[in-house]
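Structural description and commentary
One-letter residues, chain by chain:
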Amino acid sequence: MKFLDQILSYILPPRCLKCGKVLPDNRGLCSKCIEEINFITQPYCKKCGHPLEGNFDNKKMLCGSCLSKKRTPFRLSRSAFRYDENSKHLILSFKFHDKTDNTSLLAKMMYVAGEDIFKAGADVIIPVPLHYSRLLKRKYNQSALLGHELSRLSGIKLDCRSLVKHRRTRPQVELRGKERLENVKGAFSVKRTENIKGKRVILIDDVLTTGTTLKECAYALKKAGAKSVDTLTIARVI
Ligand SMILES: [Zn+2]
Ligand SMILES: [Zn+2]
């Protein structure tokens, strides 16, 4: 297999996953495309991971929303970079155009971004599930691919079976605010509660937009007795 890889890389040199420029090795992105990505770095809210600008409590490192103790089902949330014009292509090609060779690079970025979560400790990695009809159409669950890679990097068990999406929903991007909530409300459930009870869960998804889907997953997990739920996504809309 390694021999075959070598021949292939000779015929087809590795290319930048974003702009297609030929690269000297399998680093995934060229330096120009890497520089364009808006990684989420310190300072950010130590609870929800939102970048901190201007007014925030320097000592507590919490954003206004977390300071006001707004109810959230999540212990910690982290994302690797901002979802914007520079990073959009990476996510969309991964999600819809079978560009699964991005998986390893994106998972590594998430692993670095999730440092606080791994330090706090977790028992199981659970990708946001797709409804089986969507899975048949798309052939793979992009969050499960990331989860698999993150499990390999962190040594934390991957569980793709206990949390299920038992009802079809419309794509959240087509909807706004309240509609989003109604669309996914009660769409997820836990099939094997014994696998979840007392566990610290890391939920994996591609993009954190309003967090509605992740919240619904967290409610189902908490109902099944999960001790805590963290979220780790590639990108987030700020
Ligand atoms: Zn490039
Ligand atoms: Zn916060």
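Quick look at the structure, then. These numbers were taken from a predicted model, which means no experiment stands behind them.

**Focus on the coordination of the zinc ion (ligand 2)**
Those donors, C45 (SG), C48 (SG), C63 (SG) and C66 (SG), are the protein atoms that reach the zinc ion (ligand 2), and they lie 2.3 to 2.4 Å from it. In this structure, the zinc ion (ligand 2) is coordinated by four donor atoms arranged in tetrahedral fashion, with angles at the metal of 106 to 117°. Motif for the zinc ion (ligand 2), donor spacing along one chain: C-x2-C-x14-C-x2-C. Of the two residues, C45 is situated in the loop between α2 (31-36) and α3 (64-67) and C63 in the loop between α2 and α3; the sequence distance between them amounts to 18 residues.

**Digging into the sheet that holds strand β7 (residues 228-236)**
The strand order across the open sheet built from five strands is β1-β7-β6-β2-β3, with neighbouring strands paired in parallel fashion. Strands at the two margins of the open sheet, each flanked by one partner only, are β1 (77-82) and β3 (157-158). Judged from the five bridges that link them, β1 and β7 form a sheet pairing that is parallel. By the bridge assignment, R82 is partnered in β7 with R236. Contacts between helix α10 (residues 212-223) and the sheet are confined to β2 (124-127), β6 (200-208) and β7, with β6 contributing the most and set at about 165° to the helix.

**Examining the nonpolar core**
Core analysis: the biggest nonpolar cluster contains 31 residues, and L29, F81, M109, L150, I202, I204 and L232 have the highest contact counts within it. Broken down by secondary-structure element, the contributors of at least two residues to this core are β1, α4 (88-96), α5 (103-113), α6 (115-120), α8 (142-154), β6 and β7. For this core, the element with the most residues is α5, which contributes six residues. Shared between two domains, this core holds at least three residues of each, these being domain 1 (1-36) and domain 2 (38-236). Beyond its immediate chain neighbours, meaning those up to four positions away, F81 contacts I37, N38, F39, I40, S87, L90, I91, L106, M109, I234, A235 and R236. Grouped together as the second largest cluster of nonpolar side chains are 20 residues, F74, V124, L163 and A218 included.

**Notes on empty space enclosed by the protein**
To locate leftover empty space, one rolls a probe as large as a water molecule over the atoms. All told, the structure shown has one cavity of 30 Å³ or more when counted by the stated rule. Lining of the largest cavity is provided by L130, H131, S133, R134, K165, R168 and T169. Grouping the constituent residues of the lining of the largest cavity by class yields one nonpolar, three polar and three charged.

**Comments concerning the side chain of T233**
Inspection of the secondary structure puts T233 in strand β7. On the basis of relative accessibility, which here comes to 1%, the residue T233 falls in the buried class. Polar side-chain contacts of T233 include one of 2.8 Å to the side chain of S79. The contact partners of T233, leaving out residues within four places of it in the chain, are R78, S79, A80, M110, D205, D206, V207, L208 and L214.

Definitions and limits used
- Residues numbered from 1 in each chain as written.
- Chains lettered and ligands numbered in written order.
- Predicted model: local features only at pLDDT ≥ 70, side-chain atom pairs only at ≥ 80, totals over all residues.
- Heavy atoms only, no water.
- Donors = N, O, S within 2.8 Å, 3.2 Å for Na, K, Ca; no water.
- Tetrahedral: all angles 85-135°; square planar, octahedral: opposite > 155°, others 65-115°.
- Helix = DSSP H or I, 4+ residues; strand = E, 2+ residues; numbered from the N terminus.
- Pairing = 2+ DSSP bridges.
- Contact = heavy atoms within 4.5 Å.
- Axes fitted to C-alpha atoms, helices over the stretch in contact; angles between N-to-C directions.
- Core = buried A, V, L, I, M, F, W, Y, C linked by side-chain atoms within 4.5 Å.
- Buried < 20%, exposed > 50% of the residue type's maximum accessible area, 1.4 Å probe, protein only.
- Domains from an automatic or database assignment.
- 1 Å grid on protein atoms, 1.4 Å probe; cavity = no way out; pocket = protein on both sides within 12 Å on 5 of 7 lines; lining within 4 Å.
- Points joined across faces, edges and corners; volume = space filled by probe spheres on them.
- Nonpolar A, V, L, I, M, F, W, Y, C, P; charged D, E, K, R; others polar.
- Polar contact = N/O pair within 3.5 Å; in protein donor to acceptor, adjacent residues only side chain to side chain.

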